[in-house]
Amino acid sequence: MPELTTEVERLSLVIEIGGMPVRVHTSDRGFLNMLQDRYAGFVTSADRAGRAEIDFDIELTPTRFVDPEAGVRVTRRQGRWTIERGDFRAEWEPASRTGWIRQSANPYSIDAVLRIVHTLVLARQGGFLLHSASAIRNGKAFLFAGVSEAGKTTISRLAPPDATLLTDEISYVRKQDVRTQDVRKEDAGYVAYGTPFTGELAKLGENVSAPVAALYLLAKGAENRIDPIPPAVAARSLLANLLFFAEDEELVQATFHSAFEFVSRVPVSRLTFVPDARVWELIG
Amino acid sequence: MSKLYVARNPKVAARSLDGEMMIMSGRDSTLFTLNKTATILWQSADGTTPLDEIVARRICSEFEVEPIEALHDAENLARELASHEILQISEEPIPPRNPVAGESRTGESQ
């Protein structure tokens, strides 16, 4: 009797953001090609990437109506994270470094899963994702934080040719530790990485990184100027702009303290600017 | 009249910076900034000192306010903070659970 099974092709690619490789597996070549385009510059060959931090199996489902207002829910139970929104459901087990995503063949659902997973990983390491544009100039990274309409896209669009855009929407900040000779860990500061998470500019950031030199809180005004702000205001503003989704006391506390740690180490100022390129004379 | 005891909820994260006490709910990530009176109440909420003693020692000594009025306001404040799960309140002393999880200080002594 003939075998009634067929072998399903398993296709993989690695999306590496912030130095963290995430391998995704799918049986749909069209979807794989879409991911390759979507994350161009952040995709590594699955063979060359070595051990991934997470392996996600993607199960594609038929497209269905989704409530655009449906909120995201991120919960942890018995060492396993569940991430849900109207358009997808995912699970991830950090101990085994494996998970799955059930979604239709669209780029938005996996993008949301990746953002959330990165916030969860970073929260344990003193880092975070921040609603901010960021760019590298003269070897240093500068972050420009603000809510929608604050000017993140505008300041990105005005960046001079010698500035390398990391993102116009969501910055990736990792705390970097170094080991000193006496083997004590000493904080070396923060590093900003390029991300493929775009805003209105719809342009992927460069996949490079640099030490964070400053965080600017954006404000539009009649002149270009930088003003100091009290540390408490800096901390509050940073917290207001962090991306964080998990209903998890331990990670909430870790993220809260990370924000204070950051403002104690990185200069935070208010950057008021008129929408023209001269504002960049103040940066770098 | 029974005494009221207040204790910090160990499940919230708290930091004092430049005289401003900020607290984040571990449950839903809501950020609270406490005013001066609420900060005193938070700092004194050890679970074993009755609220009227906290008011007499820490609040009436610092603000020009009648003790009865101050106690009434402090009770309301404590109940409000408890509704956000920042404080626990009880008519019995509240035994310490964990160390005050998540609390640390930045730039100011408490």
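Thresholds, definitions, all that
Residues numbered from 1 in each chain as written. Chains lettered and ligands numbered in written order. Predicted model: local features only at pLDDT ≥ 70, side-chain atom pairs only at ≥ 80, totals over all residues. Helix = DSSP H or I, 4+ residues; strand = E, 2+ residues; numbered from the N terminus. Buried ≥ 20, exposed ≤ 12 C-beta atoms within 10 Å, placed from the backbone. Contact = placed C-beta atoms within 7 Å. Core = buried A, V, L, I, M, F, W, Y, C linked by C-beta atoms within 7 Å. Domains from an automatic or database assignment. Pairing = 2+ DSSP bridges. Axes fitted to C-alpha atoms, helices over the stretch in contact; angles between N-to-C directions. pLDDT = per-residue confidence, 0-100. Nonpolar A, V, L, I, M, F, W, Y, C, P; charged D, E, K, R; others polar.

Some remarks on the overall build of chain B
In step 1: Along chain B, the regular secondary structure elements total 3 helices and 6 strands.
In step 2: Taken from the N to the C terminus, the helices and strands of chain B come in the order β-β-β-β-α-β-α-α-β.
In step 3: Burial status across chain B gives 33% buried among its 110 residues.
In step 4: Of the contacts made within chain B by residues no fewer than 6 positions apart, 64% connect residues no fewer than 24 positions apart.

Points about the nonpolar core
In step 1: By size, the foremost hydrophobic cluster in this structure holds 106 residues, and its most contacted members are Val113, Leu143 and Ala235 of chain A together with Leu41 of chain B.
In step 2: Ranked by the residues each element gives to this core, the list is headed by helix α2 (residues 107-125) of chain A, at 9 residues.
In step 3: Residues lining this core come from more than one domain, with at least three contributed by each of domain 1 (11-125) and domain 2 (128-282) of chain A.
In step 4: Once you skip the residues sitting within four places of it in the chain, Ala235 of chain A turns out to touch Ala259, Phe260 and Val263 of chain A together with Leu17 and Met22 of chain B.

Considerations on the sheet that holds strand β3 (residues 20-24) of chain B
In step 1: Overall, antiparallel pairing links the 3 strands, which are arranged β2-β3-β4 (chain B) in an open sheet. Where the open sheet ends on each side, the last strands, each with one partner, are β2 (13-17) and β4 (31-34) of chain B. Neighbouring strand axes in the sheet, compared pairwise and without regard to direction, differ in orientation by 20° on average.
In step 2: Relative to the sheet, helix α5 (residues 249-265) of chain A contacts β2 and β3 of chain B, its axis offset from that of β2 of chain B by approximately 15°.

What to know about the interface of chain A and chain B
In step 1: With 14 residues of chain A in contact, the opposing surface of chain B contributes 18 residues.
In step 2: Sorting the residues of the side of chain A that touches chain B by element identifies α4 (231-241) and α5 of chain A as the ones contributing at least two each.
In step 3: The leading source of residues in the side of chain A that touches chain B is α5 of chain A, at 7 residues.

Observations regarding the confidence of the model for chain B
In step 1: In this model, chain B carries a mean pLDDT of 84, and residues with pLDDT of at least 70 account for 87%.
In step 2: Per the prediction output, this complex has pTM 0.86; the corresponding ipTM is 0.75.

Considering the domain arrangement of chain A
Residues and elements named next belong to chain A.
In step 1: With domains assigned, chain A is organised as domain 1 (11-125) and domain 2 (128-282).
In step 2: Of note, the centres of domain 1 and domain 2, computed from C-alpha atoms alone, are 24 Å apart.
In step 3: No other element matches the 9 residues that α2 contributes to the side of domain 1 that touches domain 2.
In step 4: When the residues that make up the side of domain 1 that touches domain 2 are grouped by side-chain class, the tally is 10 nonpolar, 7 polar and 3 charged.

Observations concerning the pairing of strand β8 (residues 98-103) of chain A
Residue and element names in this part refer to chain A.
In step 1: Of the two faces of β8, the one holding Gly99, Ile101 and Gln103 is buried and the one holding Thr98, Trp100 and Arg102 is not buried anywhere.
In step 2: Two elements, strand β4 (residues 54-60) and β8, share 6 bridges in a ladder whose sense is parallel. The residue of β8 that forms the bridge with Leu60 is Gln103.
In step 3: For strand β7 (residues 88-93) and β8, the ladder comprises 6 bridges, and the chain directions are antiparallel. Looking across to β8, one finds that Ala90 is bridged to Ile101.
In step 4: The turn linking β7 back onto β8 is made up of 4 residues, and Arg97 within it adopts a positive phi angle of 60°.

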